[in-house]
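Listed below are the residues making up each chain.
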Amino acid sequence: MIRGILSGKGGVGKTTTTINLGLAMHSMGENVVVVDGDIKNSNLGLHLGILKYNTTLQEVIEKKISLLSALYIHETGLRFIPAHVSLNFLETDLSNFKNFLNKCPYNLLIDSPPGLNKESLSVLRSCDEILVVLEPYLPDITDCMKTIEIAKEMNIKVGGLILNKLRNKNYEFGKEEIEACTNTKVISTIPFDENILRSLSLKNPIVNYNPLSKASISYFKLASELSGKEFKVPKLLGLKRMLQFVNQKPNFFGV
Ligand SMILES: Nc1ncnc2c1ncn2[C@@H]1O[C@H](COP(=O)(O)OP(=O)(O)OP(=O)(O)O)[C@@H](O)[C@H]1O
Ligand SMILES: [Mg+2]
């Protein structure tokens with residue numbers, strides 16, 4: 001299965017979602033590989049802590065070598081294929097992307113560039129199914145509708161929406177309104193969670209850095225839904241979170 005993580009707008013959380021959903025699925029025993037399909041502004045590899053990789057997606061495509069030659073394994077066990085951050089690879093042509101992906105014996109999660117540019121359309125065209133990430137605001141919704149429409153024209157299945165960075169404010173669009181506007185189901189809601197920003201600075205995906213955090217629980221639930229593998233929300237979650245908070249803050253009582 002080739003699953004793309006797309007969005008109409010940029011910065012909504014595609015790369016974060018690709019990595020954490022991939023890692024959550026991996027922890028449930030799924031054979032999953034996450035791929036950086038954002039070749040012009042690649043940063044999936046950076047999220048995982050390394051700037052330079054010997055072989056990347058661009059070399060795979062340009063030298064027509066196997067996708068698995070650019071496979072890396074993160075210390076968490078997550079398998080991933082990074083893209084080069086260098087400007088030298090701006091012209092890499094993704095039009096044959098699907099041919100490379102088809103030969104890979106894993107379930108793939110592809111991180112896409114935002115919007116409907118040449119590269120994101122190539123990613124879209126390569127997928128069996130896409131999930132669209134958005135924030136709960138009007139421009140996100142209208143841009144998301146365009147992505148859905150193009151996917152449907154291409155006969156690519158739209159698996160659902162991932163509603164990210166929810167702050168539970170009355171200026172946000174609600175899940176039901178978004179489903180009605182887009183005619184598409186919201187399959188996951190992920191709160192705005194500062195732990196994600198902390199985990200990014202530590203280059204450690206949130207589901208590994210803080211598996212009890214609200215965002216991590218959302219990722220595990222989504223992974224369970226997509227893979228069919230069971231996930232039970234840990235008992236006494238609120239209490240465990242509180243204890244974690246106290247333990248993480250040695251100066252909490254001003255000591
Ligand atoms: N649920 C969340 N809560 C708080 N911060 C988040 C959340 N999801 C993502 N972020 C932060 O938002 C920023 C953008 O996330 P990310 O890079 O994953 O977005 P993107 O859609 O891949 O962006 P681009 O379109 O530029 O590729 C990052 O700083 C990330 O840590
Ligand atoms: Mg990204």
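Before any of the text, the structure's been laid out above.
Residues numbered from 1 in each chain as written. Chains lettered and ligands numbered in written order. Predicted model: local features only at pLDDT ≥ 70, side-chain atom pairs only at ≥ 80, totals over all residues. Heavy atoms only, no water.

K.L.:
Just give me the short version of the nonpolar core, but keep the residues and values in it.
P.N.:
In this structure, Leu57, Phe97, Leu108 and Ile130 are the most contacted members of the largest nonpolar core, which totals 35 residues. Per-element tally for this core: the top contributor is helix 6 (residues 138-153), with four residues. Apart from the residues within four sequence positions on either side, Leu57 is in contact with Val35, Asp36, Gly37, Ile39, Leu67, Ala70, Ile81, Pro82, Ala83 and Phe97. The next biggest cluster of nonpolar side chains, apart from the first, holds 29 residues, and it includes Leu23, Val34, Leu48 and Ala223. (Core = buried A, V, L, I, M, F, W, Y, C linked by side-chain atoms within 4.5 Å. Buried < 20%, exposed > 50% of the residue type's maximum accessible area, 1.4 Å probe, protein only. Helix = DSSP H or I, 4+ residues; strand = E, 2+ residues; numbered from the N terminus. Contact = heavy atoms within 4.5 Å.)

K.L.:
Give me the lowdown on helix 1 (residues 14-27), citing residues and values where you can.
P.N.:
Between its first and last C-alpha atoms helix 1 spans 20 Å; for 14 residues at 1.5 Å apiece the expected length is 20 Å, and the two agree. Burial within helix 1 is extensive, with 12 of its 14 residues counted as buried. Taken together, the buried positions of helix 1 are Lys14, Thr15, Thr16, Thr17, Thr18, Ile19, Asn20, Leu21, Gly22, Leu23, Ala24 and Met25. Positioned one or two residues after helix 1, Gly29 has a phi angle of 95 degrees, which is positive. (Expected span 1.5 Å × (residues − 1).)

K.L.:
Could you give me a rundown of the packing of helix 6 against helix 7 (residues 175-182), with the residues and numbers involved?
P.N.:
The contact between helix 6 and helix 7 brings their axes to 10 Å, and the two run at 40 degrees. Relative to helix 7, the element helix 6 lies oblique. Both helix 6 and helix 7 take part in a crossing whose hand is right-handed. For the pair formed by helix 6 and helix 7, the contact residues are Ile141, Cys144, Met145 and Ile148 on the first element and Ile178, Cys181 and Thr182 on the second. Among the residues making up the contact of helix 6 with helix 7, the classes are represented as six nonpolar, one polar and no charged. (Axes fitted to C-alpha atoms, helices over the stretch in contact; angles between N-to-C directions. Parallel < 35°, antiparallel > 145°, perpendicular 65-115°, else oblique. Left-handed = near helix turned anticlockwise from the far one by under 90°. Nonpolar A, V, L, I, M, F, W, Y, C, P; charged D, E, K, R; others polar.)

This is a description of form; function is not addressed.
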